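Results of the structural survey
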Amino acid sequence: MVPVELLPYVRMKANDETEFTLPPTQELLAFEVIVCTCSDAHILAMAGLTNSRLRIRRQQLQEHALRILQAGNMQLSGEIIGAEEPHFTHLFIDEAAQATEPESLIPMSVVVDDAPDSIKVEIALAGDPRQLSPDVYSPLAAGDLQKSLLERLLRLPEMGGRSHMMGPPTGDSWTSIGELIEYSFQKKEDHDHLSVFLTTSYRGHPSFLMMPSKLFYFDKLRSAHPPSDSADSIWCKALRKLEAASSIVNPKADKKESWPIHFRGVLGTDQSTAVESFLGSNSWSNPVEANEIVGIVQTLVSEGISTASIGIMGAFRGQVILIRRLLREKGLGAVNVGIVEDYQAVERDVIIVSLTRSNSAFLNADMEQRVGLFQQAKRMNVALTRAENLLVVVGDPAMMEQDDVWKQWLEFCYHNGFWYGIKGEKSSIS
């Protein structure tokens, strides 16, 4: 279904407002920039609008023009230029780390001309292999297809002795060697043009970047926003209200009042929920966490924060459905609620994350199905980097301590005075 506001910009068949069509070839080739999805690039290939096919057509046109000249006993005083030039000179694939390799090859087939004497084009794959991988639901295909073309190319051996452009894995810098990617920050003349790692983040409060930078980017990220010690913003004032509704776990912490981060420790219960999805009908919810989050939203709204500026992330679709229902019952249905995948490349002023899981017996199944937020470093990275002005995480501290990465984030909250609610009798964090 095409939104009504987009209909003036789509092409329909003449005298038929029910069927879409491509513009005529001449009109389509007149555009300097064509924007489409990787999958939709196949339409250009089917229409013969690839660099390879267009080069052949131009060469045929050139040969035809020469035959006409020869038939008229005329000679060409110069040369016909442009026959060998590619029509598409550049290809940019955004969010390339989320595309399967076959998906990335579709637009590449449009611009890449494999003729030996063809002029090469510039191809840029932009994305973050530290965040969400391609969605692959078949366990038989996941092993290969979940690695994007971007990540595979960055892992290729390169000249100079390094195992690949992203560096060799190190055992003490990641929880899973198989998932480890170490970015190459050293500048080398022989591959400066091959990969570029952008280290400046323009999203969110600088404090939000500290742990993701340490956990996922070897502490190389820097915030474009200057640090501020002011706690007078509407976000910090709303945060004080959240803190007043619970008790701090570490009263002796060197509390950072101007850092708008809040962790609420709760002891919840997992409940199986029937939700149809690609992974089957079984999902999970946590009513204790859901009710805690509804209370947090009510507090924020009472402090003047609009519902449209609040986003809630649930670790499972079942938790998303439960939170939506509870919010609607309170007249707060305008709050956006979704799973982690719904927030890729999306920001909100306030992000509330529900970790949901409270029973460690289900963790292995979560990992096999690649769901949830425990032992899922890429999904965790996305969850912690969507907030612009206030980040709230709600979860079971005992579960978080079983995950090496979440445990480090908990320690960060403990020492900076962000941890409220329960701690757990067997906690090793001190």
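Residues numbered from 1 in each chain as written. Predicted model: local features only at pLDDT ≥ 70, side-chain atom pairs only at ≥ 80, totals over all residues. Heavy atoms only, no water.

Examining the environment of C413
Test applied: Numbering of helices and strands starts at the N terminus; helices are DSSP runs of H or I of at least 4 residues and strands are runs of E of at least 2. In what follows, residue pairs with any heavy atoms lying within 4.5 Å of each other are defined as contacts.
Among the secondary structure elements, C413 is positioned in helix α14 (residues 404–416). With 164 residues separating them along the chain, C413 and V249 place their C-alpha atoms 9.6 Å apart. Setting aside chain neighbours within four positions, we find C413 in contact with F263, F418 and W419.

Some words on the packing of aromatic side chains
The description of an aromatic ring pair uses the distance of the two centres, along with the angle that the planes make with each other. Note the threshold: Note on aromatic pairs: the rings of Phe, Tyr and Trp (six-membered ring only in Trp) are paired at centre separations within 6.5 Å, and the planes decide the class, stacked below 30 degrees, edge-to-face beyond 60, tilted for the rest. Criterion for a charge above a ring: Arg CZ or Lys NZ at most 6 Å from the ring centre, at most 35 degrees from the ring normal.
Applying the stated criterion across every chain, the model contains nine aromatic pairs. Note on F197 and Y217: the rings are 6.2 Å apart at their centroids and 20 degrees apart in plane angle, and the pair reads as stacked. One end of the pair, F197, is in the loop between α6 (149–154) and β3 (200–201); the other, Y217, is in the loop between α7 (206–216) and β4 (222–223), with 20 residues separating them in the sequence. Put simply, the rings of F263, W406, W409, Y414 and W419 touch in pairs and so form one group of aromatic residues. Across from the ring centre of W259, 5.5 Å away, lies the NZ or CZ of K256, which sits over that ring. Across from the ring centre of W284, 4.5 Å away, lies the NZ or CZ of R357, which sits over that ring.

A few points about the pairing of strand β8 (residues 310–314)
Spelled out, the test is: Per-residue accessibility, obtained with a 1.4 Å probe over protein chains only, is compared with the maximum for each type, and a residue is labelled buried under 20%, exposed over 50%, and partly exposed between these values. For two strands to be treated as a pair, DSSP must find at least two bridges joining them.
The buried fraction of β8 is high, at five of five residues. Side chains of β8 alternate between two faces, with I310, I312 and G314 and G311 and M313 buried alike. Pairing of β8 with strand β10 (residues 348–354) involves five bridges; the strand directions are parallel. Bridge pairing links I310 to V350 in β10.

As for the nonpolar core
Heads up, the condition is: For the purposes of this section, nonpolar cores are sets of buried Ala, Val, Leu, Ile, Met, Phe, Trp, Tyr and Cys residues that join through side-chain atoms within 4.5 Å.
Residues V353, L391, V393, W406 and W409 are the most contacted members of the largest nonpolar core, which totals 45 residues. Secondary structure elements with two or more residues in this core: α7, β5 (261–265), β10, α12 (377–384), β11 (387–395), α13 (397–400) and α14. Per-element tally for this core: the top contributor is α14, with seven residues. Those residues within four positions of W409 in sequence are excluded, and the remaining contacts are M211, I261, F263, M380, L384, L391, V393 and M400.

Comments concerning the confidence of the model for the protein
For the record, the criterion: The predictor's confidence in any single residue is recorded as pLDDT, a number from 0 to 100.
On average, residues of the protein score 86 in pLDDT, and 89% of them reach the 70 mark or higher. Across residues 167–191 the pLDDT falls below 50, and counting only partners more than four positions away or on other chains, this stretch makes 60 contacts in the model.

Notes on the packing of α7 against α14
Going by this rule: To obtain each axis, a line is fitted to C-alpha atoms, and for helices this fit is confined to the stretch in contact; angles are then taken between N-to-C directions over 0 to 180 degrees. It is the rotation of the near helix from the far one that decides the hand of a crossing: anticlockwise by less than a right angle makes it left-handed, clockwise makes it right-handed. Under the grouping applied here, Gly and all other residues not named as nonpolar or charged are polar, the nonpolar ones being Ala, Val, Leu, Ile, Met, Phe, Trp, Tyr, Cys and Pro and the charged ones Asp, Glu, Lys and Arg.
At a minimum axis distance of 11 Å, the contact between α7 and α14 shows a crossing angle of 145 degrees. Remark: the crossing between α7 and α14 carries right-handed chirality. Every residue of α14 that contacts α7 at S207, M210, M211, K214, L215 and F216 is listed here: V405, Q408, W409 and F412. A per-class count over the contact of α7 with α14 returns seven nonpolar, two polar and one charged.

As for the pairing of strand β2 (residues 122–125)
Note the following rule: When the strands point away from the viewer and the connection leading from the first strand across the helix to the second strand turns clockwise, the crossover is called right-handed.
Where strand β1 (residues 90–93) meets β2, four bridges bridge the pair, whose relative direction is parallel. Considered in β2, the bridge of L91 is made with I123. Where the polypeptide runs from β1 across helix α4 (residues 101–111) and back to β2, its parallel neighbour, the crossover connection is right-handed.

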